[in-house]
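# Inside the fold
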Amino acid sequence: MTGLSTEFTRTAVSEEEYPRGTRRMLRVAVRYAYLIALVAAVLTGLIPGGRLTEAAWILTGIIAFSIDRPWRDHVRVVVDWLPLVAVLLVYDFTRDLADTVGMPLRMHELVTVERWFFDGALPTVWLQQHLAEDGQPWWTPIIGIVYTTHFIVPWAVAAIFYLYSRPMWARYMRRILVLSYLALVTYILVPAAPPWYASREGAIDEEVRRISGFGLGMVSPDVSAKWLEDQGNYVAALPSLHTAFAVLVTVTLWPLVRRRWWLRVPLALFPFAMAFTLVYGGEHYVIDVLLGYLYVGITIVVVAMWERYRAGRASVGEGEAVVEQRRVGADA
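The residue numbering used here restarts from 1 in each chain and proceeds along that chain's sequence as written. Under the rules for a predicted model, residues below a pLDDT of 70 receive no local features and side-chain atom pairs below 80 are neither given nor counted, while totals for whole chains, interfaces and linings still include all residues. Only hydrogens and water are removed before side-chain values are computed, so all heavy atoms of the structure are retained for them.

## Overview of the packing of helix H6 (residues 123–131) against helix H13 (residues 264–280)
- Angles shown run from 0 to 180 degrees and are taken between the N-to-C directions of axes, each axis being a line fitted to C-alpha atoms and, for helices, limited to the stretch in contact. Helix and strand labels come from DSSP, where a helix needs a run of H or I of at least four residues and a strand needs a run of E of at least two; each type is numbered from the N terminus. At a minimum axis distance of 8 Å, the contact between H6 and H13 shows a crossing angle of 85°. It follows that H6 is roughly perpendicular to H13 by the angle criterion. Counted together, Pro 123, Thr 124, Leu 127, Gln 128 and Leu 131 of H6 and Phe 276, Val 279 and Tyr 280 of H13 form the full contact between these two elements. The scheme is simple: roughly parallel for angles under 35 degrees, roughly antiparallel for over 145, roughly perpendicular for 65 to 115, oblique for anything else. A contact between two residues is defined here by any heavy atoms of the two lying within 4.5 Å.

## As for the packing of helix H2 (residues 51–64) against helix H8 (residues 153–164)
- Running from N to C, H2 and H8 cross one another at 30°; their axes reach a closest spacing of 10 Å. As summarised for this structure, H2 and H8 are arranged roughly parallel, according to the angle between their axes. Like other packed secondary-structure pairs, H2 and H8 cross with a definite hand, here right-handed. Mapping the contact onto sequence places Arg 51, Glu 54, Ile 58 and Ile 62 in H2 and Trp 155, Ala 159, Tyr 162 and Leu 163 in H8.
- Classification convention: Asp, Glu, Lys, Arg as charged; Ala, Val, Leu, Ile, Met, Phe, Trp, Tyr, Cys, Pro as nonpolar; all other residues, Gly among them, as polar. Of the residues in the contact of H2 with H8, the class split is 6 nonpolar, no polar and 2 charged. Left-handed describes a crossing whose near helix is turned anticlockwise from the far helix through less than a right angle; right-handed describes the clockwise counterpart.

## With respect to the packing of aromatic side chains
- Planes of paired rings set the category: under 30 degrees apart is stacked, over 60 is edge-to-face and the rest tilted, where pairs are Phe, Tyr or Trp rings (Trp by its six-membered ring) whose centres lie within 6.5 Å. Summed over the entire model, instances satisfying the criterion amount to 14 aromatic pairs.
- Ring geometry for Phe 276 and Tyr 280: centres 5.4 Å apart, planes at 5°, overall stacked. Of this pair, Phe 276 and Tyr 280 both sit in helix H13, 4 residues apart, roughly one helical turn.
- Ring-pair connections join several aromatic residues into one group, and the members of that group are Tyr 34, Trp 57 and Phe 65.
- Taking NZ or CZ as reference, Arg 210 lies 4.3 Å from the ring centre of Trp 196, over its face. Counted as over-ring charges are cases with an Arg CZ or a Lys NZ within 6 Å of the ring centre that also lie within 35 degrees of the ring normal.

## What to know about helix H5 (residues 108–117)
- Whether a residue is buried, partly exposed or exposed follows from its accessible area with a 1.4 Å probe, protein chains only, as a fraction of its type maximum: under 20%, in between, or over 50%, in that order. Among the residues making up H5, those that are buried are Leu 110, Val 111 and Glu 114. Projected down its long axis, H5 carries its buried residues within an arc of 100°, all on one side. Away from its buried face by more than 90 degrees, H5 exposes His 108, Thr 112 and Trp 116.
- Positive backbone phi, at 55°, marks Asp 119, one or two positions downstream of H5. Taken from the helix axis, the directions to the C-beta atoms give the arc we talk about.

## Concerning the confidence of the model for the protein
- In this model, the protein carries an average pLDDT of 79, and 76% of its residues clear a pLDDT of 70 or more.
- pLDDT gives the predictor's per-residue confidence on a scale running from 0 to 100. Model confidence for the protein, summarised as mean pLDDT per element, is weakest for helix H11 (residues 221–231) at 54 and strongest for helix H12 (residues 241–253) at 95.
- Every residue in residues 1–16 scores below 50 in pLDDT, and together they form 33 contacts with partners more than four places removed in sequence or on other chains.

## Focus: H12
- Between the first and last residue of a helix there are one fewer steps than residues, each counted as 1.5 Å, and that sum is the expected span. Helix length check: H12 (13 residues) gives 18 Å between terminal C-alpha atoms against 18 Å at 1.5 Å per residue, within 8%.
- Of all 13 residues in H12, 12 are buried, a share of seventy percent or more.
- Restricting attention to buried positions, one finds in H12 the residues Leu 241, His 242, Thr 243, Ala 244, Phe 245, Ala 246, Val 247, Leu 248, Val 249, Thr 250, Thr 252 and Leu 253.

Take a look at the structure:
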């Protein structure tokens, strides 16, 4: 982790837990076992799965990569993460609430706005007609990698932050949760259909296919299609949370790699690659993508204001405590 912020400080490992040689062997064995199991799960389609599956792999990974720390640290991992997982589960169960309570689904309005922006054309239709007219091109697995990062990268970043700096992890997860719930409120109040669904329902005259490349050419198309169908939500297209998470990851990591400028190239390209994947694949309109950027900006501003407010209150409280201690000392 050389070159990253000095805020990354590893938790001290108890020398009394294991002898040094045993700790090294245990650390290597457990980490390799976890990585092998993880690769096997990806290749067999077990990952990504539902929220609980993702959480289980994240918590197991954190414990595996800190296996030689005191057992109390492992208990703390579960205590720290379970409330966050519970909050995200609530998000999962309520994101299609608009459809359940009968809110009107927006399809034609988004098509109209998109055509107005692009002089009557739809970017998704144009891209598919020019790039995938004769089927899926050879580079489809590449966009599959980009698409799949939405289910892996934000949480991998969270796990790494947790291992190296719990305060940084807390700030990052605060933004993840606020961003998710800002999007959730929009999904409930303004349920909007993605291009593939609007085309299927006749709101778009041209054919729009779902081309995600999920499966990376290693998972059966039937398995990947079924997974997409299970994960799909045709009332939660506006804004694009896929785009928003990609932007948040880039914004979060950007200042941490300032000494390794070459890492900023893939970071800068990441949100644009995700945007292309989503628009080309029929998952989102360009307007959804742009609103994803906007929601990240709102999240950063709101959370930063709250953190400054809380820090100010803490400083005032510390100052009052110091004054009180001096007063008590003077009285004594």
